[in-house]
Amino acid sequence: MLTERDVDRIWFGCGNFGGMGSSPKLRHAGDSEEQALELLDHARRVGLRRFDTANTYGGGVSETVLGTWLRSQEASFRDSARIATKVGNPHGCPTGETPLSRTQVAHHIDVSLRRLGVARIDLYYIHEFDRLTPLEETLEAMTRAVDAGKIDRFAVSNASLSDVEEVRSLAGTSLASRFEYVQNEYSLLATADAEELIPYCAGHGLRYTAFSPLAGGLLTGKYRFGEEPPPGSRVAHAADIYANYLSEQCFAAIERLRQSAEGREQTMAEAALRFVLDTPGVDGLIIAPRRIEHFASLGLARSDS
């Protein structure tokens, strides 16, 4: 099982609430509000205190549901919980605007605050760089939000090493002092960041957080090479996103994980998380279980705290 220290490094991902990620085409594939609230309750029971969402997950439903749940918790828990959300996904941008323009950033910060029902966002991400808005403009908007007390800490996601370097170079003093996190995909099947970006983050005081540590569920062992994915699974709904993982080489790596996990009396999912957590320089990771029983398979025991 994961240790208490491991649990403190895990964020509960709310990307499946009301849809699967940000894509409007996958709204039908998401968790209902009832399901989401049950998952959040259990996340708390196993000791999770960090929650990750975005303004475009489920078209905004994710933030709304998370906010509804937070308001139902006692004040002491709300004060100890940490909430991360994001701006910059093109699905949240109206025609004629760019996702990270100063007007869009300012607008979506206020929308997110209202949906989440909080006075300040603990951790606010650039979801992805739109490559159209000058970065100086985006960082200026973030600085204004910091100075206004609307966000506490600043972060970037889906970022290259050069993106992180540029943000550090251009951020003014007040924003630079709040720049703490980098969130990228990292798993046994996606290790590119281990070469340069993760060591860079560790060397510059940035906390690297891995999303998709189970590679869309492939590292749980529920898929088989050359076979159709299980109905309703993430790969079945978004095969194009995971096409690069459906190779014979990747399934050979998955089989090695299976054998290693069996030798250590772990589930494949727990072994996959252990790989990420044990990577030098990785601060934490995001999980997004969709059923209560999935928590146990990840090595998360109920604590009833």
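Use the structure listed above.
Treat the numbers as computed from the prediction; the structure is a model and nothing was measured.

Novice: Any chance you could explain the packing of aromatic side chains here in plain terms?
Specialist: Between two aromatic rings, the relevant description is the distance of the centres plus the angle of the planes. With the rule as written, the count across this model stands at twelve aromatic pairs. Ring centres of W69 and F77 lie 5.6 Å apart, and the angle between their planes is 85 degrees; this geometry places the pair in the edge-to-face category. Taken as a pair, W69 and F77 share a single burial class, namely buried. With 6.4 Å between their ring centres and 35 degrees between their planes, Y242 and Y245 make a pair best called tilted. Judged by its relative accessible area of 8%, Y242 falls in the buried class. The rings of F12, F17, F51, W69, F77 and F295 are connected pair by pair, giving a single aromatic cluster.

Novice: Whenever I open this one, the sheet that holds strand 8 (residues 282-287) confuses me. Can you help?
Specialist: Within a sheet, neighbouring strands are paired by backbone hydrogen bonds and run either parallel or antiparallel to one another. Taken in spatial order, the eight strands line up as 1-2-3-4-5-6-7-8 and close into a barrel, and their pairing is parallel. Taking each pair of neighbouring strands and ignoring which way they run, the sheet shows an average axis angle of 30 degrees. Across the sheet, helix 12 (residues 268-277) touches strand 7 (207-211) and strand 8, and the angle it forms with strand 8 is around 150 degrees.

Novice: Could you clarify how one ought to interpret the pattern of salt bridges in this entry?
Specialist: Applying the stated rule across the entire model yields 15 salt bridges. E137 is the salt-bridge partner of R102, the closest N and O atoms lying 3.8 Å from each other. Remark: E137 occurs in helix 6 (residues 135-147) and R102 occurs in helix 5 (residues 102-116); sequence separation between them is 35 residues. We note a salt bridge from E140 to R102, for which the minimum N-O separation is 3.4 Å. Here E140, found in helix 6, pairs with R102, found in helix 5; they are 38 residues apart in sequence, far enough to count as distant. Its relative accessible area of 33% is what places E140 among the partly exposed residues. The exposure class assigned to R102 is partly exposed, which follows from its relative accessible area of 36%. Each member of the salt-bridge network shares a partner with another, and the members are R102, E137, E140 and R144.

Novice: Please explain helix 12 as it appears in this structure.
Specialist: In an α-helix, one full turn covers 3.6 residues, which means residues spaced three or four apart are oriented alike. Among the ten residues in helix 12, nine count as buried, and that is most of the element. For helix 12, the complete set of buried residues consists of M268, A269, E270, A271, A272, L273, R274, V276 and L277. Next to the buried residues of helix 12 lie helix 1 (4-7), strand 7, helix 11 (248-263), strand 8 and helix 13 (292-297).

Novice: Would you mind showing me how to read the pairing of strand 1 (residues 10-13) here?
Specialist: A regular strand places its side chains so that they alternate between the two faces of the sheet. Alternating residues of strand 1 divide into I10 and F12 and W11 and G13, and every residue in both groups is buried. Bridging between strand 1 and strand 8 involves three bridges; their strand directions are parallel. Paired with I10 across the two strands is L285, which belongs to strand 8. Strand direction decides the pairing type here: strand 1 and strand 2 (residues 50-52), joined by three bridges, are parallel. Each residue of the ladder has a partner; that of F12, found in strand 2, is F51. Note that the unit made of strand 1, helix 2 (residues 33-45) and strand 2 has a crossover that is right-handed.

Novice: Sorry if this is basic, but what is going on with the nonpolar core here?
Specialist: Most often, soluble globular proteins keep nonpolar side chains buried together rather than apart. Core analysis: the biggest nonpolar cluster contains 87 residues, and F12, F51 and V156 have the highest contact counts within it. The element best represented in this core is helix 12, accounting for seven residues. Core analysis: the next-biggest nonpolar cluster, separate from the first, contains seven residues, W11, A155, Y181 and I286 among them.

Definitions and limits used
- Residues numbered from 1 in each chain as written.
- Predicted model: local features only at pLDDT ≥ 70, side-chain atom pairs only at ≥ 80, totals over all residues.
- Heavy atoms only, no water.
- Phe/Tyr/Trp six-rings, centres within 6.5 Å; stacked < 30°, edge-to-face > 60°.
- Buried < 20%, exposed > 50% of the residue type's maximum accessible area, 1.4 Å probe, protein only.
- Pairing = 2+ DSSP bridges.
- Helix = DSSP H or I, 4+ residues; strand = E, 2+ residues; numbered from the N terminus.
- Axes fitted to C-alpha atoms, helices over the stretch in contact; angles between N-to-C directions.
- Contact = heavy atoms within 4.5 Å.
- Salt bridge = Lys/Arg side-chain N within 4 Å of Asp/Glu carboxyl O.
- Right-handed = clockwise from strand over helix to strand, strands pointing away.
- Core = buried A, V, L, I, M, F, W, Y, C linked by side-chain atoms within 4.5 Å.

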